[in-house]
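# Architecture at a glance
In case you want the letters, here they are:
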Amino acid sequence: AAKKYPAGPVGEFGRNPVGTGPFRLKKWIPEGDITVERSNNYWEPGKPYLDEIHFLNIPEVSSQLAALRTGQSDMDQIRQVDLPLVQNNPGLTVVKHESGAYYGVQISVWQEPWTNKALRQAIAYGVDREAVCKTFFAGECRIAYTPEGIGWVYNPDIKPYPYDAARAKAKLAEAGYPKGITLSYWARTTDLAYAEVLQAMLAPIGINVELLRITDQDWFDMRAKKQS
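Here is a short report on the structure shown in this document. Throughout this description, residue numbers start from 1 for each chain and increase along the sequence as written. Given that the model is predicted, a residue must reach a pLDDT of at least 70 before its local features are reported, and side-chain atom pairs must reach 80 or more before they are shown or counted; all residues, however, enter totals for whole chains, interfaces and linings. With hydrogens and water stripped out, all remaining heavy atoms of the structure feed into the side-chain values.

## Observations concerning the environment of aspartate 128
The way it works is that DSSP assigns letters per residue, a run of H or I at least four long becomes a helix, a run of E at least two long becomes a strand, and they are numbered from the N terminus. Within the secondary structure, aspartate 128 sits in the loop between helix 3 (117-126) and helix 4 (129-135). The sequence separation of aspartate 128 and alanine 118 amounts to 10 residues, and the corresponding C-alpha distance is 18 Å. Once residues lying within four places of it in the same chain are set aside, the contact partners of aspartate 128 are Tyr163 and Met201. Each polar contact in these results corresponds to two N or O atoms within 3.5 Å; when the atoms are within protein, one needs to be able to donate a hydrogen and the other to accept it, and residues that are neighboring in sequence are counted only if both atoms are side-chain atoms. Within the local environment of aspartate 128, its side chain forms a polar contact with the backbone nitrogen of alanine 131, the two atoms lying 3.1 Å apart. In this description, contact between two residues means that some pair of their heavy atoms is separated by no more than 4.5 Å.

## Some thoughts on the state of the cysteines
Disulfides are defined as cysteine sulfur pairs within 2.5 Å. A full pass over the atoms with the stated rule returns 1 disulfide. Here cysteine 133 engages in a disulfide with cysteine 141; their sulfurs sit 2.1 Å apart. Judged by relative accessible area, cysteine 141 falls into the partly exposed class, the value being 28%. Burial classes follow relative accessibility: with a 1.4 Å probe on protein chains only, a residue under 20% of its type's maximum area counts as buried, one over 50% as exposed, and anything between as partly exposed.

## As for unusual backbone geometry
Trans peptide bonds make up the majority, and among non-glycine residues the majority have a negative phi. Along the chain, lysine 47 connects to proline 48 via a cis peptide bond; the corresponding omega equals 5°. Following glutamate 112, the chain continues to proline 113 via a peptide bond in cis, the omega torsion being 0°. Turning to its location among the elements, proline 113 is positioned in the loop between helix 2 (83-86) and helix 3.

## Some details on helix 6 (residues 192-202)
A turn of α-helix holds 3.6 residues, and therefore any two residues three or four places apart point the same way. Of all the positions in helix 6, only Leu192, Tyr194, Ala195, Leu198, Met201 and Leu202 are classed as buried. Packed against the buried residues of helix 6 are helix 3, helix 4, strand 4 (181-188) and strand 5 (207-214).

## Observations concerning the sheet that holds strand 1 (residues 23-28)
Any two strands with at least two DSSP bridges between them are considered paired. In space, the 3 strands of this open sheet follow the order 1-2-3, with antiparallel pairing throughout. The sheet terminates laterally at strand 1 and strand 3 (52-55), the two strands that pair on one side only. Each neighbouring strand pair of the sheet contributes to a mean axis angle of 20°, computed without reference to strand direction. Structural elements are reduced to axes, namely lines fitted to C-alpha atoms, with helices fitted over the stretch in contact, and the angle between N-to-C directions of any two is expressed from 0 to 180 degrees.

## Quick look at helix 7 (residues 216-224)
Those residues of helix 7 lying buried are Trp219, Met222 and Arg223. Viewed along the axis of helix 7, the buried residues span an arc of 100°, placing them on a single side of the element. Along its buried surface, helix 7 packs onto strand 4 and strand 5. The directions from the helix axis to the C-beta atoms are what the arc is built from.

## Concerning the packing of aromatic side chains
Aromatic pairs are defined between Phe, Tyr and Trp rings, using the six-membered ring for Trp, whenever the two ring centres lie within 6.5 Å; interplanar angles under 30 degrees are classed as stacked, those over 60 as edge-to-face, and all others as tilted. Considering all chains together, one arrives at 8 aromatic pairs under this definition. When the centroid spacing of 4.9 Å and the interplanar angle of 90° are considered together, the rings of phenylalanine 136 and phenylalanine 137 count as edge-to-face. Phenylalanine 136 gets classed as buried once you look at its relative accessible area, which sits at 10%. When the ring of phenylalanine 137 is compared with that of tyrosine 194, the centres are 6.4 Å apart and the planes differ by 50°; the resulting orientation is tilted. Taken together, the positions of phenylalanine 137 in the loop between helix 4 and helix 5 (165-174) and tyrosine 194 in helix 6 put the pair 57 residues apart, joining distant regions of the chain. A single burial state applies to phenylalanine 137 and to tyrosine 194, both of which are buried. A connected cluster of aromatic rings, assembled from ring pairs, spans Tyr103, Phe136, Phe137 and Tyr194.

Here it is in structure tokens:
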């Protein structure tokens, strides 16, 4: 009989991956390293080229960079601000590409106080996207119009909120918080530096952001269960 997975948005399917890809799961340590090995039944002859890939679980960004520079790891995604540290390294090759990755804030609009549209607008007006691009991303970015920057879902005609501190404060007052408000921000370990930038930007308009650290796995589980 076919294996049945428990009810829910994810269930146990993620722990028993099945697919037609070039690699198959060899070893997985929960919240740890993952090793995949070459699939001899892959549909395209001669591929994959590698016998095995080992994914290192290194939560801290600084440690990830150190592992790359010392040769402990072979490939990683580098933050724009860290480019000067790797561009002149003779043992590394920097490859730039436009991807669908994006940085942003996910808001639980079904929970208070996020059901308040004016509060959400205050945050939108209070974030200077151009400044974030020039500083945090060292100019190596595009201002987001939608959650995706490539492909059929990308629509450049949708314009983001402009930075306007005065309008942000007005919207905060309209939301019922003329004296300001303290909000919790669950920041994944890999996004902590970005969260700190937003925290600094929102403080002048009266929004005090309380940063709460969480691992990537716990964050995804919490989002799936709508607990944040």
